Amino acid sequence: MKDKKKYAILFFSFLIYSVSSVCAKLAAKQDVLSGTVLFLMLEMVCLGIYALVWQQILKKFALVTAIAGKGSVVIFNLVWSVWIFKETVTFSNLIGAAIIIVGICVVAADS
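Residues numbered from 1 in each chain as written. Predicted model: local features only at pLDDT ≥ 70, side-chain atom pairs only at ≥ 80, totals over all residues. Heavy atoms only, no water.

Undergrad: I'd like to hear about the packing of helix α1 (residues 2-28) against helix α4 (residues 72-83), residue by residue, with values.
TA: At their nearest, the axes of α1 and α4 sit 9 Å apart, and the two run at 50° to each other. Judged on the interaxial angle alone, α4 and α1 are oblique. Two packed elements cross with a definite hand, and for α1 against α4 that hand is right-handed. The residues of α4 that touch α1, namely those facing F11, F14, L15, Y17, S18, V19, S21 and V22, are S72, V73, F76, N77 and W80. Along the lines of polarity and charge, the residues of the contact of α1 with α4 split into nine nonpolar, four polar and no charged. (Axes fitted to C-alpha atoms, helices over the stretch in contact; angles between N-to-C directions. Helix = DSSP H or I, 4+ residues; strand = E, 2+ residues; numbered from the N terminus. Parallel < 35°, antiparallel > 145°, perpendicular 65-115°, else oblique. Left-handed = near helix turned anticlockwise from the far one by under 90°. Contact = heavy atoms within 4.5 Å. Nonpolar A, V, L, I, M, F, W, Y, C, P; charged D, E, K, R; others polar.)

Undergrad: Break down unusual backbone geometry for me, with residues and values.
TA: Despite not being glycine, K86 shows a phi value in the positive range, around 55°. Along the chain, K86 turns up in the loop between α4 and α5 (91-110). K86 gets classed as exposed once you look at its relative accessible area, which sits at 64%. (Buried < 20%, exposed > 50% of the residue type's maximum accessible area, 1.4 Å probe, protein only.)

Undergrad: Quick one: what's the story with the side chain of S81, residue by residue and with numbers?
TA: Relative to the helices and strands, S81 is located in helix α4. Residue classification places S81 among the buried residues on the basis of a relative accessible area of 11%. In this structure the side chain of S81 is engaged in a polar contact, spanning 2.7 Å, whose partner is the backbone oxygen of L78. Apart from residues no more than four positions distant in its own chain, S81 is found in contact with K86 and E87. (Polar contact = N/O pair within 3.5 Å; in protein donor to acceptor, adjacent residues only side chain to side chain.)

The structure is reproduced here in structure tokens:
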């Protein structure tokens, strides 16, 4: 159970990191100085939270495991792109996501 909690915290941190990308894209879609500042501030808050959580993660995981898990950000970004931005996911995107998941599982199994 303790390992599940560690991994949940790890992937939660990557979820927060991926939200910073959403904020950046939303800022880019705004007119200059209309909503841009708000989304950029939200992005900075997300990155600050991520940095604090990341420091705690490095105390609990080997660096190789923590970095390998960071590939999950690509998968989170695929979900955000479909859900928030109504973009389409291609077959190549799905193949790439599957390769990332397999890589994360292989590294996690070796740790």
